[in-house]
Structure formats: structure tokens, C-alpha cells
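Each chain is listed here by its residues.
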Amino acid sequence: MNRWRTLIRYTPRLVEKLQRINPPKLRLVVDGRVIYWALQVPKEDDLAAHARWPGMSSPSHEGWLVEMLTRFEHGWPHASEVELLAFWPPDRLEPFARVAPKKAEAGR
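Worth saying up front: this structure is predicted, and the values here are computed from it rather than measured.

The rules behind the values
- Residues numbered from 1 in each chain as written.
- Predicted model: local features only at pLDDT ≥ 70, side-chain atom pairs only at ≥ 80, totals over all residues.
- Heavy atoms only, no water.
- Helix = DSSP H or I, 4+ residues; strand = E, 2+ residues; numbered from the N terminus.
- Expected span 1.5 Å × (residues − 1).
- Buried < 20%, exposed > 50% of the residue type's maximum accessible area, 1.4 Å probe, protein only.

**Student:** Can you explain helix α4 (residues 61-75)? Please cite residues and give values.
**Tutor:** An ideal rise of 1.5 Å per residue puts 21 Å on 15 residues; α4 measures up with 22 Å between its terminal C-alpha atoms. Residues of α4 that are buried include every one of His 61, Trp 64, Leu 65, Met 68, Leu 69, Phe 72 and Glu 73, and no others.

See the structure below:
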């Protein structure tokens, strides 16, 4: 299973944490490089309004997060480390989620 699929598997827990700490943005780091600086986390009512339009998806934070992670998976399918940081502009960052090789796997 790749790193993205591991994160997607834990989406319900990530959404609980997202709602608990309520960051306005997420920063995405892949293999030590910032890939997305400040991804806006949508509000629940914005997601519901968006989903009412024909052909639009993401009626929930869970759907939004899965959709977002899947998109990035297409760009970096072989990522060995994926990290999401909670971001409160201008400069507050906190670890949010991280998937990386286990120590034994990294030492090969």
C-alpha cells in the first residue's frame, strides 16, 4: 500500500482531528519538499453548498480530504514520506498527519 492510500484509510480519524483543531489551511510536504503551501480547508456549509450544484463532489470533509489526497497521489505516486501540517497564517504550523517508512524499511 502506498503512503497516500495509508492516509486515505485513516480519513475518518483525520477529519475528527481536523474538526477538533480547526486549522484554516493545511500544508502538504512530500519527501521533504513543500508541495502545497496553504491549502484552504473548506467550511462544512461551503462543502454542502458546493455539493448542491450538479456534477460537484465533496459534500463532506471526508470526501474533500479523500479527493485532495487522491489528486496529489497522481502527481507523486511513489512518495516515500507524506506529511500534512496544520497551518494558521502567518506562521503557526503544527504536525497534523505523517506517513513515512518504518525504521527497518528506511534502513534497507
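**Student:** Go over unusual backbone geometry with me, naming the residues and quoting the values.
**Tutor:** With an omega of 10 degrees, the peptide bond between Pro 89 and Pro 90 qualifies as cis. Looking at the secondary structure, you find Pro 90 in the loop between β3 (82-88) and β4 (92-99). One non-glycine residue, Asn 22, lies in positive phi territory at about 55 degrees. One can find Asn 22 in the loop between α2 (11-21) and β1 (25-30). With a relative accessible area of 48%, Asn 22 lands in the partly exposed category. Notably, Asp 31 is not glycine yet its phi reads approximately 50 degrees, a positive angle. For Asp 31, the position within the fold is in the loop between β1 and β2 (33-40).

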